[in-house]
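As a plain string of letters, each chain reads:
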Amino acid sequence: MLAMRISLILLLVALLAGCNQKPEITAQNRPNLLFIIPDQFRTHALGFMKQDPVQTPNLDRLAEESMVFVNAISNRPLCSPYRAMLMTGKYPFKTGVLTNCNTSSRKYGNYLRSTETTITDVLSENGYNCGYIGKWHLDAPAGPDVDDWRKSIWDAYTPPEARHGIDFWYSYGTFDQHFNPHYWINDASREDTTFINEWSPRHEVEVAREFINNQTGDQPWVLFLSMNPPHPPYQLVPDEYLSDYEGKSAAELLNRQNVPETAEAAYKHVKNYFAAVTGVDDQIGQLMEFLEEKKLNENTIVVFTSDHGELMGSHGLMQKGPWYEESVRIPFMIRWPEKIAPAIDSLHLAVPDVMPTLLGLIDLEDQIPADVQGINYQNLLLGDGKIARPDFNLYLNPRPESALGGFRGFRSNQYTFVLERNNEGKVVDKILYDNLNDPYQLKNVAASNPDLVNRFSKQLMKRLTEIDDFWVEYDRSL
Ligand code: CA
């Protein structure tokens, strides 16, 4: 009798606990993860952001179904350092990947260590089948030592022991021939690479479909789809995607008030850049349709983001690296129909937060390596309780040849603040933009706001101390 009463109570408790709760994640029903990351895709180039005059109907639709982080930035807006932060959940001072991997930075040990624990290592150890398609750019290439990065070799073969738990490998280091990409496929040797005569995003989506089709359903899977476009060469884009921009002049397309008429390269390339954006959008749309056909939508987490932005003539500059909005701001949207309610969020999401947040979402919180520096925001995504929101997001631009030099700063709700030091550690420039009142960052107001600069300098140094930036060791102002 007593046993019966206890089991009834237990049943009642179990039923009550089950109320208002979403299905639990168990080892058997862990979600799949599709991480889509084109290169150099600025957040302004998403149609729904209403900044660039671009066509991205598929990503607009994905955004409506996602939690969208409109303040996401690339803390170090450059390929390799971003990718190392993404994979490890750590800032560049911990990974040693301070700049791009090539034969001129190799002497500084600038590559991803095989001893690092990456997100794919953790997922692989927890039963995931891991795939990686496209650009990797985390290994030091073989070749003679050079000092000038422009004379460097960039592309690198990744030996199996450096693949961090990734079983399906269809990748290369850096190779910008979008119409003739090449891939090292699975156990192919360094000498045995495969060239493809097709626009790389189109080919890679075909390979992604094949990867997903080949999953047996016994294991959850994770797939990184790392497309190279809309990265240059801008002109390597199929004609069909240019048609959306026919009849529009470069001046109409370059609608930002910080693009001077002298920005010749932008006038030459803007149409191609937006066409590549539309082409990437089209390919992603096809992959989303495929997921739906395969009935994988509900239990697949889809992330869309990029490694950094594209200046495209803003401030007379091209590409990326500086602290300007067009360079640092990246798309970040995450869709998981079973668990994440669509929303727009203003969190200062940092790149190292991505790895622990995804592991948290998948219920592998206890598997997040102890030395991860990013924050697990699973509670925000799942709508479970309040979270502490940082006041700003770091901007980092270290120099591997000088621990004392380079740029450090942050982007807050209102300001972008940056200090520059020369290689002797002396502050040589202070930069302050009021992004609310000057969204195009046309006027540096540092000189007229010494109190703000002083306060921000202290806040910056405190945060840099927390992430073990070696700048702090040499700070002459403390
Ligand atoms: Ca890049």
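The text that follows walks through the structure, step by step, so that each part is easy to find. Keep in mind it's a predicted model, so treat the numbers as computed, not measured.

What follows deals with the overall build of the protein chain. Counting its regular elements, the protein chain contains 13 helices and 14 strands. At 23 Å, the protein chain has a C-alpha radius of gyration in line with the 23 Å of a compact globule built from 478 residues. When its C-alpha atoms are laid out on the principal axes, the protein chain stretches across 85 × 55 × 45 Å. Within the span of the protein chain, comprising 478 residues, buried residues form 59% of the whole. If you take every contact in the protein chain between residues at least 6 apart in sequence, the share linking residues at least 24 apart comes to 68%. A total of about 20300 Å² of accessible surface is found on the protein chain, and carbon and sulfur atoms cover 50% of it. Charge-centre separation for the protein chain: the mean point of 44 positive side chains lies 6 Å from the mean point of 63 negative side chains.

Attention now moves to the coordination of the calcium ion. The protein atoms donating to the calcium ion are Asp39 (OD), Asp39 (OD), Cys79 (SG), Asp307 (OD) and His308 (NE2), with metal-donor distances spanning 2.1 to 3.1 Å. Going along the chain, you hit the donors of the calcium ion in the pattern D-x39-C-x227-D-H. Like His308, Asp307 is buried.

Let's shift gears to the pattern of salt bridges. Tallied over the full model, the rule gives 20 salt bridges. The partner of Lys90 in a salt bridge is Glu116, with the nearest N and O atoms 2.7 Å apart. Here Lys90 is found in the loop between α3 (79-88) and α4 (92-95), whereas its partner Glu116 is found in the loop between α4 and α5 (119-125), with 26 residues between them in sequence. The exposure class assigned to Glu116 is buried, which follows from its relative accessible area of 10%. The partner of Lys94 in a salt bridge is Asp468, and the shortest N-O contact between them spans 2.9 Å. Of this pair, Lys94 sits in helix α4 while Asp468 sits in the segment after α13 (450-466), and the two are 374 residues apart along the sequence.

The N-to-C vectors of helix α2 (residues 57-64) and helix α9 (residues 264-293) enclose an angle of 50°; their axes lie 7 Å apart at closest approach. Looking at the two axes, α2 sits oblique to α9. Of the residues in α9, those touching α2 at Pro57, Asn58, Leu59 and Leu62 are Asp281, Asp282, Ile284, Gly285 and Met288. Partitioned by chemical class, the residues of the contact of α2 with α9 number five nonpolar, two polar and two charged.

Sheet architecture is open: four strands sit in the order β11-β12-β13-β14, paired in antiparallel fashion. The open sheet terminates on both sides in strands that have one partner only, identified here as β11 (392-399) and β14 (427-434). Taking the axes of each pair of neighbouring strands and ignoring which way they run, one obtains an average angle of 10° across the sheet. As defined by bridge partners, strand β13 (residues 415-421) adjoins β14 across seven bridges and the pair is classed as antiparallel. Residue Tyr415 lies in a different strand from β14, and its bridge partner there is Asp434. Together, β11, β12 (402-412), β13 and β14 form the strand contacts of α13, whose direction differs from that of β13 by roughly 75°.

Looking now at the sheet that holds strand β8 (residues 300-305). In space, the ten strands of this open sheet follow the order β6-β5-β4-β3-β7-β1-β8-β9-β2-β10, with mixed pairing throughout. The strands lining the two open edges of the sheet, one partner per strand, are β6 (194-195) and β10 (343-345). Pairing of strand β1 (residues 32-36) with strand β7 (residues 221-226) involves four bridges; the strand directions are parallel. Note on β7: the bridge partner recorded for Leu33 is Val222. The strands that α2 touches are β2 (67-69), β8 and β9 (332-335); relative to β9, the one it contacts most, it runs at about 60°.

The next subject is unusual backbone geometry. For the peptide bond that leads from Pro229 to Pro230, omega is 10°, which places it in the cis range. As for its position among the elements, Pro230 is in the loop between β7 and α7 (239-242). The omega torsion across Pro232 and Pro233 is 0°, close enough to zero to call that bond cis. Within the fold, Pro233 resides in the loop between β7 and α7. In the Ramachandran plot, Met312 falls in the positive-phi region, its phi being about 40° despite a non-glycine side chain. For Met312, the location among the structural elements is in the loop between β8 and α10 (325-328).

Turning to the side chain of Glu325, a few remarks are in order. Relative to the assigned elements, Glu325 resides in helix α10. With residues up to four places along the chain from it excluded, the contact list for Glu325 reads His44, Arg411, Thr416, Asn435, Pro439 and Gln441.

For the rest of this paragraph, the subject is the nonpolar core. Note on soluble globular proteins: their nonpolar side chains tend to be buried together. Counting residues in hydrophobic clusters, the biggest one holds 129 residues, and the most contacted among them are Phe69, Leu123, Ile334 and Leu358. Among residues more than four places away in sequence, those in contact with Phe69 are Phe332, Ile334, Asp345, Leu347, Leu349, Leu380 and Leu381. Among the nonpolar cores identified, the runner-up in size contains ten residues, and Trp323, Tyr395, Val418 and Tyr433 belong to it.

The next point concerns empty space enclosed by the protein. The full count for this structure, using the stated rule, is three cavities of 30 Å³ or more. Approximately 70 Å³ is the volume found for the largest cavity. In this structure, the largest cavity is lined by Phe69, Phe332, Ile334, Leu349, Asp353, Val354, Thr357, Leu358, Tyr377 and Leu381. Breaking the lining of the largest cavity down by element, the ones donating at least two residues are β9 and α11 (354-361). Of the residues belonging to the lining of the largest cavity, the class tally is eight nonpolar, one polar and one charged. Of the volumes computed, that of the second largest cavity is approximately 50 Å³. Looking at the second largest cavity, the residues that line it are Ala72, Ile73, Tyr82, Thr305, Ile330, Phe332, Leu349, Ala350, Val351 and Val354.

The rules behind the values
- Residues numbered from 1 in each chain as written.
- Predicted model: local features only at pLDDT ≥ 70, side-chain atom pairs only at ≥ 80, totals over all residues.
- Heavy atoms only, no water.
- Helix = DSSP H or I, 4+ residues; strand = E, 2+ residues; numbered from the N terminus.
- Rg over C-alpha atoms; globule rule 2.2 N^0.38 Å.
- Buried < 20%, exposed > 50% of the residue type's maximum accessible area, 1.4 Å probe, protein only.
- Contact = heavy atoms within 4.5 Å.
- Areas by Shrake-Rupley, 256 points an atom, 1.4 Å probe, with all protein chains shown as cover.
- Lys, Arg positive; Asp, Glu negative; His and termini not counted.
- Charge placed at Lys NZ, Arg CZ, Asp CG, Glu CD.
- Donors = N, O, S within 2.8 Å, 3.2 Å for Na, K, Ca; no water.
- Salt bridge = Lys/Arg side-chain N within 4 Å of Asp/Glu carboxyl O.
- Axes fitted to C-alpha atoms, helices over the stretch in contact; angles between N-to-C directions.
- Parallel < 35°, antiparallel > 145°, perpendicular 65-115°, else oblique.
- Nonpolar A, V, L, I, M, F, W, Y, C, P; charged D, E, K, R; others polar.
- Pairing = 2+ DSSP bridges.
- Core = buried A, V, L, I, M, F, W, Y, C linked by side-chain atoms within 4.5 Å.
- 1 Å grid on protein atoms, 1.4 Å probe; cavity = no way out; pocket = protein on both sides within 12 Å on 5 of 7 lines; lining within 4 Å.
- Points joined across faces, edges and corners; volume = space filled by probe spheres on them.

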